[in-house]
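What the coordinates show
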Amino acid sequence: MEHRFAGSVLEVEEISELAPVQRENLLRRSWMTNDGLWFYQAFAHYGAEVANSWNIAVVREFGRLEMRRLLRALGIPRVTSWAQYRRVFQIAVDLYVGDLFSYEESFDGIAHHIRVKTCFAYSGVARAGIAQVYHCGPLERVTGWLEALKLPVKISPEVGLCQMAHCGECAYSLSME
């Protein structure tokens, strides 16, 4: 007896492989779902202070490790200029975050200005009803990237509670010291 599921029936030969872009997006979304679920469970069981503290530590270290891997994959021993930094940053956002995060950026010679348009983390914590107490994970991840790049960069304002939740917008400047 053949089992059939509701909807159209496809023969095995008709099921296509995922395109590389589809695979990347699926992996990103799955990883970010895991990250959000982990944070929410820590929040629900231990409270905002503990969940944020753990998240900061984990996300920063994760950012350091993923940037080190990216530099090795690109064959770059050390980023030594703003132009290299810009390119590596763009590659990292495209690879690790993709369309889960959209932003506008500008460079004025001494600073990288980022204005966030959509943020996967804010969307998730807002849906969960905890945006007001959420410490910004994505910029902690960027902090880890900068630590791995060994660049003397100051982030302004300092990373803290979610700007989207508290200010209605999110903007950071990363300046070489």
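Here, the structure is the one placed above.
Residues numbered from 1 in each chain as written. Predicted model: local features only at pLDDT ≥ 70, side-chain atom pairs only at ≥ 80, totals over all residues. Heavy atoms only, no water.

Here we look at the overall build of the protein
What the protein contains, in helices and strands, is 6 helices and 4 strands. For the protein, the sequential pattern of α-helices and β-strands runs α-α-α-β-β-α-α-β-α-β. Along the first, second and third principal axes, the C-alpha atoms of the protein reach 70 × 40 × 25 Å. Here the protein, with 177 residues, has 36% of them falling under the buried criterion. Within the protein, contacts between residues separated by at least 24 positions form 57% of all contacts whose residues are at least 6 apart in sequence. Split by element, the accessible area of the protein, about 11000 Å² in all, is 56% carbon and sulfur. Positive and negative side-chain charges of the protein, numbering 18 and 20 respectively, have mean locations separated by a distance of 6 Å. (Helix = DSSP H or I, 4+ residues; strand = E, 2+ residues; numbered from the N terminus. Buried < 20%, exposed > 50% of the residue type's maximum accessible area, 1.4 Å probe, protein only. Contact = heavy atoms within 4.5 Å. Areas by Shrake-Rupley, 256 points an atom, 1.4 Å probe, with all protein chains shown as cover. Lys, Arg positive; Asp, Glu negative; His and termini not counted. Charge placed at Lys NZ, Arg CZ, Asp CG, Glu CD.)

Quick look at the pairing of strand 3 (residues 153-156)
Across the two faces of strand 3 the burial differs, with V153 and I155 buried and K154 and S156 not buried at all. Sheet topology places strand 3 next to strand 4 (residues 170-176); 4 bridges connect them, and they run antiparallel. Along strand 4, the bridge assignment pairs S156 with S173. (Pairing = 2+ DSSP bridges.)

Some remarks on the side chain of R64
On the secondary structure map, R64 appears in helix 2 (residues 48-74). Within polar-contact distance, the side chain of R64 engages the side chain of E61 at 2.5 Å. Filtering out sequence-adjacent residues up to four positions away, R64 remains in contact with G144, W145, E147 and A148. (Polar contact = N/O pair within 3.5 Å; in protein donor to acceptor, adjacent residues only side chain to side chain.)

With respect to empty space enclosed by the protein
Taken as a whole and assessed by the stated rule, the structure comprises 2 cavities of 30 Å³ or more. Roughly 120 Å³ of volume is contained in the largest cavity. What lines the largest cavity is F89, V93, V97, F101, Y103, I114, F120, P138, L139, R141, V142 and W145. Broken down by secondary-structure element, the contributors of at least two residues to the lining of the largest cavity are helix 3 (82-97), strand 1 (101-107) and helix 5 (137-149). Sorting elements by how many residues they give to the lining of the largest cavity places helix 5 first, with 5 residues. Grouping the constituent residues of the lining of the largest cavity by class yields 11 nonpolar, no polar and 1 charged. In this structure, the second largest cavity occupies an estimated 60 Å³ of space. If you trace the second largest cavity, you find it lined by F101, V116, C119, Y134, C136, P138, C162, Q163, M164 and C170. (1 Å grid on protein atoms, 1.4 Å probe; cavity = no way out; pocket = protein on both sides within 12 Å on 5 of 7 lines; lining within 4 Å. Points joined across faces, edges and corners; volume = space filled by probe spheres on them. Nonpolar A, V, L, I, M, F, W, Y, C, P; charged D, E, K, R; others polar.)

Notes on the packing of helix 1 (residues 20-46) against helix 2
Relative to each other, helix 1 and helix 2 sit at 150°, their axes nearing to 7 Å. As summarised for this structure, helix 1 and helix 2 are arranged roughly antiparallel, according to the angle between their axes. At the point where helix 1 passes helix 2, the crossing takes the right-handed sense. Contact residues: W31, D35, W38, F39, A42, F43 and Y46 in helix 1; A48, V50, A51, N52, W54, N55, V58 and F62 in helix 2. (Axes fitted to C-alpha atoms, helices over the stretch in contact; angles between N-to-C directions. Parallel < 35°, antiparallel > 145°, perpendicular 65-115°, else oblique. Left-handed = near helix turned anticlockwise from the far one by under 90°.)

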